[in-house]
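Each chain, written out:
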Amino acid sequence: MAHKSELIEKDILAYLKSQEEKSLLRFITCGSVDDGKSTLIGRLLWDSKMVFEDQLAALEADSKKVGTQGGAIDYALLMDGLQAEREQGITIDVAYRFFSTDKRKFIVADTPGHEQYTRNMVTGASTAQVAVILVDARKGLLTQTRRHSFLVSLVGIRNVVLAINKMDLIDFDQQRFESILRDYEQFAAPLGFASITAIPLSALNGDNMIEASANTPWYTGPTLMNYLETVQLAGDNRDQPFRMPVQWVNRPHLNFRGFCGTIAAGTIRPGDELRVAASGRTSRVTRIVTMDGDLPEATAGQAVTLTLEDEIDISRGEMLTAPDAPPIHARHPEAHLVWMHDEPLQPGQIYLVKTATGVTPGRVTTVQYAVDVNTLEHKQVPTLGLNEIGVARLELDRPISFDPYRQNRDTGSFILIDRITNATVAAGMVIAAAPLEPKMAHVADLTGTSRGHSRRISLSEASTNGIGVSVVDLTEEWGPVEFDVANSFLDYLGKGNRILFRLRDVGQLEAVALLAYEHTLSFEFDRTAKGVSILIFKRETRSVSRLFDDARTGI
């Protein structure tokens, strides 16, 4: 095992008690290809005596057969278990391992370095508290190193170990170590990390892994294991306002109705007042029910069933919250998106937005910008491709409850799902609620001229900074209209923006439909109390097999 204790022989119950009271640290290793992530974790498991005899025998045999160390122990094989991983010498899927020391328990996620598997890296990082970002001392910072660092900051990890690996291949050059550290600190300055701890390592040989290495007398910082055992983490979210997404309404018989879920933040006790975020209705908790009996108190991370004093309509996907600190409840969140699908994002296309326990149809109305992972600069783009990261605005079919991701990972995250293939296409982290009426681009010149019985209106984009859903308000126009369309108007739509035409009556519908037909635009129609609304937007050309898929054309 990872450590030996005399308590195992003398008092097994006391030993188990000591294990239960240890703190748990979740961390990931990430970085570019061949930086040594799997080898580093394998070495940690080896040096902490977490390799059992049968695993050791298999490892020795596999090292001779498929290892990369000339028959010597290849520690990476402890993590890379897939046949494809061993054949190619790369990590493809996320591998989780548990180990412990006398001071702390650990769950480590070994994440892939290849760009095409960035989606898997996001999965591993979503629950981690510390990131070990590896850098090959010979190569320095690479694009994937920067991408993973940016993703680490996005998912809320604030403590980073910059593990400068393979120092043995550069003769433990101190100047090279300090140069890489300076480059990284300059790049990571805008990312908001609470701490960056650089450690010179040779994962293969064990330098500065468990014990301080004689090869780096110039380094006086902690070893990797010492850092992992002693790093101070931010407090948990027990002190935050109460949040519990409802997963299931438990109704076994007519005398019991409970609301089941895992508490995402805060603490709850019988008698405490709760609020249903969607309806605003309030009630008080009467019982906290579990399989082991009722509890006097429940905190974040516990799965419980709450019963309330009042009969309130509460469904799966809704959120029970503290009455004095409710979450945001809106249809238009603004969020960071990490695009994970080969097919690029289609602004205006309907996806399924899956939050903690709810699924809601919605669409991305516009991409505000994408982030250049090398410079962290913002780029104006109409869409997001595979592994691109950007900020987007969404429009949901109904309001949902959420918190900013920086405040709460559980209630501030979501995924986008393709409705046809059921594939997860993006991971999202909520920034805030977008304004219901964003600042509009002036896209219409309503001082048009009359031609016969029709009023002719010029459409153009007067401001290239317009984003979101812009409005052409024709509710004060009497009679039919015609449009003169400028190229800037079409370019504005081509960037993923959408334009809402508000019409006074159905007689004006023909002009908008003709506009959409002539310029290959998609549109959605809605009858409102004040007249007719038509939303038009540009969609990329698709294959003929999908041409008449009304879920994708938006008609």
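Everything here concerns the structure above.
Residues numbered from 1 in each chain as written. Predicted model: local features only at pLDDT ≥ 70, side-chain atom pairs only at ≥ 80, totals over all residues. Heavy atoms only, no water.

**Let's talk about the overall build of the protein**
Consideration 1: Looking only at helices and strands, one finds twelve helices and 31 strands in the protein.
Consideration 2: Taking all 555 residues of the protein together, 50% fall into the buried category.
Consideration 3: Pairs at least 24 apart in sequence give 69% of the contacts found in the protein among residues at least 6 apart.
Consideration 4: Accessible surface for the protein amounts to roughly 26,300 Å². Of this, 50% is attributable to carbon and sulfur atoms. (Helix = DSSP H or I, 4+ residues; strand = E, 2+ residues; numbered from the N terminus. Buried < 20%, exposed > 50% of the residue type's maximum accessible area, 1.4 Å probe, protein only. Contact = heavy atoms within 4.5 Å. Areas by Shrake-Rupley, 256 points an atom, 1.4 Å probe, with all protein chains shown as cover.)

**A few points about the pairing of strand 1 (residues 23-31)**
Consideration 1: Relative to strand 3 (residues 104-110), strand 1 runs parallel, the two sharing seven bridges. Paired with Phe-27 across the bridge in strand 3 is Val-108.
Consideration 2: Pairing analysis gives five bridges linking strand 1 to strand 4 (residues 130-136), with the strands arranged parallel. From the neighbouring strand, Phe-27 faces strand 4, where its bridge partner is Val-130. (Pairing = 2+ DSSP bridges.)

**Digging into helix 11 (residues 509-518)**
Consideration 1: Residues of helix 11 that are buried: Ala-511, Val-512, Leu-515 and Ala-516. Each buried residue of helix 11 sits inside an arc of 135° when the element is viewed along its axis, so together they form one side. The exposed residues of helix 11 that point more than 90 degrees off its buried face are Glu-510, Tyr-517 and Glu-518.
Consideration 2: Positive backbone phi, at 55°, marks Thr-520, one or two positions downstream of helix 11. (Arc of directions from axis to C-beta.)

**Regarding the sheet that holds strand 2 (residues 95-100)**
Consideration 1: If you walk across this open sheet you meet the six strands as 2-3-1-4-5-6, and the pairing is mixed. The outermost strands of the open sheet, each flanked by one partner alone, are strand 2 and strand 6 (195-200). Between one strand axis and the next, the sheet turns through 25° on average, direction left out of account.
Consideration 2: Relative to strand 6, strand 5 (residues 159-165) runs parallel, the two sharing six bridges. Among the inter-strand pairings, Val-161 is bridged to a residue of strand 6, identified as Thr-197. (Axes fitted to C-alpha atoms, helices over the stretch in contact; angles between N-to-C directions.)

**Considerations on unusual backbone geometry**
Consideration 1: The backbone phi angle of Asp-171 is positive, close to 60°, even though this residue is not glycine.
Consideration 2: When you line up the elements, Asp-171 lands in the loop between strand 5 and helix 8 (174-188).
Consideration 3: In this structure, Thr-520 is a non-glycine residue whose phi angle is positive, near 55°.

**Some remarks on the pairing of strand 9 (residues 256-262)**
Consideration 1: Among the seven residues in strand 9, five count as buried, and that is most of the element.
Consideration 2: What sits between the antiparallel neighbours strand 8 (residues 248-253) and strand 9 is a turn of two residues.
Consideration 3: Relative to strand 14 (residues 303-308), strand 9 runs antiparallel, the two being bridged by four bridges. Considered in strand 14, the bridge of Thr-262 is made with Ala-303.

**Quick notes on the nonpolar core**
Consideration 1: Counting 44 residues, the largest nonpolar core has Ile-28, Val-152, Ile-157 and Tyr-184 as its most contacted members.
Consideration 2: Ranked by residues supplied to this core, first place goes to helix 8 with six residues.
Consideration 3: Core analysis: the second largest hydrophobic core is formed by 24 residues, Val-130, Ile-199, Leu-201 and Tyr-219 among them. (Core = buried A, V, L, I, M, F, W, Y, C linked by side-chain atoms within 4.5 Å.)

**Here we look at the sheet that holds strand 14**
Consider a sheet: its strands pair through backbone hydrogen bonds, and that pairing is either parallel or antiparallel.
Consideration 1: As summarised here, the arrangement of the seven strands in space is 7-15-11-12-14-9-8, forming an open sheet in which the pairing is antiparallel. Single-partner strands in this sheet number two, and they are strand 7 (243-245) and strand 8. The average angle at which neighbouring strand axes cross in this sheet is 40°, direction not considered.
Consideration 2: Of the pairings in the sheet, the one linking strand 8 to strand 9 comprises four bridges and is antiparallel in character. Counted as the bridge partner of His-253 is Phe-256 from strand 9.

**Structural notes on the side chain of Arg-147**
Consideration 1: Among the secondary structure elements, Arg-147 is positioned in helix 7 (residues 143-154).
Consideration 2: There is a polar contact of 2.6 Å between the side chain of Arg-147 and the side chain of Gln-144. (Polar contact = N/O pair within 3.5 Å; in protein donor to acceptor, adjacent residues only side chain to side chain.)

**Remarks on the pattern of salt bridges**
Consideration 1: A full pass over the atoms with the stated rule returns eight salt bridges.
Consideration 2: In this structure, Asp-136 and Lys-166 form a salt bridge, with 3.6 Å as the shortest nitrogen-oxygen distance. With Asp-136 in strand 4 and Lys-166 in the loop between strand 5 and helix 8, this residue pair connects regions lying 30 residues apart in the sequence. The residues Asp-136 and Lys-166 share a single accessibility class, namely buried.
Consideration 3: Arg-363 is the partner of Glu-395 in a salt bridge, and the nearest nitrogen-oxygen pair spans 3.1 Å. Here Arg-363 lies in strand 19 (residues 359-371) and Glu-395 lies in strand 21 (residues 389-396), a separation of 32 residues in the sequence. (Salt bridge = Lys/Arg side-chain N within 4 Å of Asp/Glu carboxyl O.)

**Let's talk about the packing of aromatic side chains**
Consideration 1: In total, this model carries six aromatic pairs according to the counting rule given.
Consideration 2: Judged by centre distance (6.0 Å) and plane angle (75°), the ring pair of Trp-339 and Tyr-351 falls under edge-to-face. With Trp-339 in strand 17 (residues 333-339) and Tyr-351 in strand 18 (residues 350-354), this pair connects stretches of sequence that are twelve residues apart. Side by side, Trp-339 and Tyr-351 carry an identical accessibility label, which is buried. (Phe/Tyr/Trp six-rings, centres within 6.5 Å; stacked < 30°, edge-to-face > 60°.)

**Examining helix 7**
Consideration 1: With twelve residues, helix 7 extends 17 Å from end C-alpha to end C-alpha; this agrees with the ideal 16 Å at 1.5 Å per step.
Consideration 2: Gln-144, Thr-145, Arg-146, Arg-147, His-148, Ser-149, Phe-150, Leu-151, Val-152, Ser-153 and Leu-154 are the residues of helix 7 that are buried.
Consideration 3: Where helix 7 terminates, the next one or two residues include Gly-156, which has phi positive at roughly 95°. (Expected span 1.5 Å × (residues − 1).)

**Describing the environment of Ala-298**
Consideration 1: Summarising the element assignment, Ala-298 is placed in strand 13 (residues 298-299).
Consideration 2: For Ala-298 and Ile-288, which are ten residues apart along the polypeptide, the C-alpha to C-alpha distance reads 7.5 Å.
Consideration 3: Not counting the four nearest positions on each side in its chain, Ala-298 is found in contact with Ile-263, Gly-266, Thr-267, Ile-268, Ile-288 and Val-304.

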